[in-house]
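A structural walkthrough
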Amino acid sequence: MAVVHDLVKDRETYSVDADQTVMEVVRFMVERNVGAVAVTSGGELAGIFSERDLMKRVVGEERDAKRTRVREVMTADPLVVAPGESLEECLALMKQHSFRHLPVCEGKRLKGFISLRDLLQHAVVEKDGEVRWMRDYIARA
């Protein structure tokens, strides 16, 4: 059974500082083509900033993105998963809580960040392997 560590071990983890402006963070996200980033303060996870936060708490409230600090509009104290958590459990958490991103932490230390897309891509690759195995088995029978 695959665990979170398997998905994040060789990837760069994107994070921003809680004192950056929303505009700086949005530019960072656009440059990397990501829908959410971990927000850190003092080297520890402080929250998540997502496209949903941008729309709801910045655009929807008519805040100035050049002056608003991301700490003011992020989702604070997000639910996190440990590197040893199963991918199935992560998918269940995302479904239960209606979100698409999960920080991976050991204590408050950010170790990675996974998205619903990551989990779905992994599932597709895994299912493709099973289909190939079944075809080979049937062909030999």
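The structure reproduced in this document is the subject of the present report. (Residues numbered from 1 in each chain as written. Predicted model: local features only at pLDDT ≥ 70, side-chain atom pairs only at ≥ 80, totals over all residues. Heavy atoms only, no water.)

1. Let's talk about the nonpolar core
Spelled out, the test is: As used in this record, nonpolar core signifies buried Ala, Val, Leu, Ile, Met, Phe, Trp, Tyr and Cys residues forming a set joined through side-chain atoms within 4.5 Å. Remark: exposure states derive from per-residue accessible area (1.4 Å probe, protein chains only) relative to the maximum for the residue type, with buried under 20%, exposed over 50%, and partly exposed in between. For the purposes of this entry, the term helix denotes a DSSP run of H or I that reaches at least four residues, the term strand denotes a run of E that reaches at least two, and both are numbered from the N terminus. Here a residue-residue contact requires only that any non-hydrogen atoms of the pair lie within 4.5 Å.
Judged by nonpolar contacts, the single largest core of 16 residues is most densely connected at Val16, Val22, Val25, Val37, Val39, Phe49 and Val58. Breaking this core down by element, the ones donating at least two residues are helix 2 (22–32), strand 2 (36–41), strand 3 (44–50), helix 3 (51–59) and helix 4 (70–73). Here the element with the most residues in this core is helix 2; it accounts for four residues. With residues near it in sequence (within four places) discarded, Val25 still touches Val16, Gln20, Val37, Phe49 and Val70.

2. Some points on the packing of aromatic side chains
Quick reminder of the rule: Only rings of Phe, Tyr and Trp enter the pairing, Trp through its six-membered ring, and a pair is recorded when the two centres are within 6.5 Å. The plane angle decides the type: under 30 degrees is stacked, over 60 is edge-to-face, the rest tilted.
Within this structure, the stated rule accounts for one aromatic pair. Aromatic side chains Tyr14 and Phe28 sit 6.0 Å apart centroid to centroid with 85° between the ring planes, which places their arrangement in the edge-to-face category. Pair noted here: Tyr14 is in the loop between helix 1 (4–8) and strand 1 (15–17) and Phe28 is in helix 2, with a separation of 14 residues, a long-range link. For Phe28, a relative accessible area of 17% gives the class buried.

3. Comments concerning the pattern of salt bridges
Filter applied, for reference: We define a salt bridge as a contact between a side-chain nitrogen of Lys or Arg and a carboxyl oxygen of Asp or Glu at a distance within 4 Å.
The full count for this structure, using the stated rule, is nine salt bridges. With its nearest N and O atoms 3.8 Å apart, the salt bridge here joins Asp77 to Lys108. You can see Asp77 sitting in the loop between strand 4 (75–76) and helix 5 (87–97) and its partner Lys108 sitting in the loop between strand 5 (101–106) and strand 6 (109–115), a full 31 residues away along the chain. Given a relative accessible area of 62%, Asp77 falls into the exposed group. Among the ionic pairs, Lys111 bridges to Glu106, the shortest N-O distance being 3.9 Å. Given a relative accessible area of 43%, Lys111 falls into the partly exposed group. Residue classification places Glu106 among the partly exposed residues on the basis of a relative accessible area of 48%. Overlapping salt bridges, with partners in common, bring together Glu61, Arg63 and Glu72 in one network.

Any functional reading would require information beyond the geometric quantities listed.
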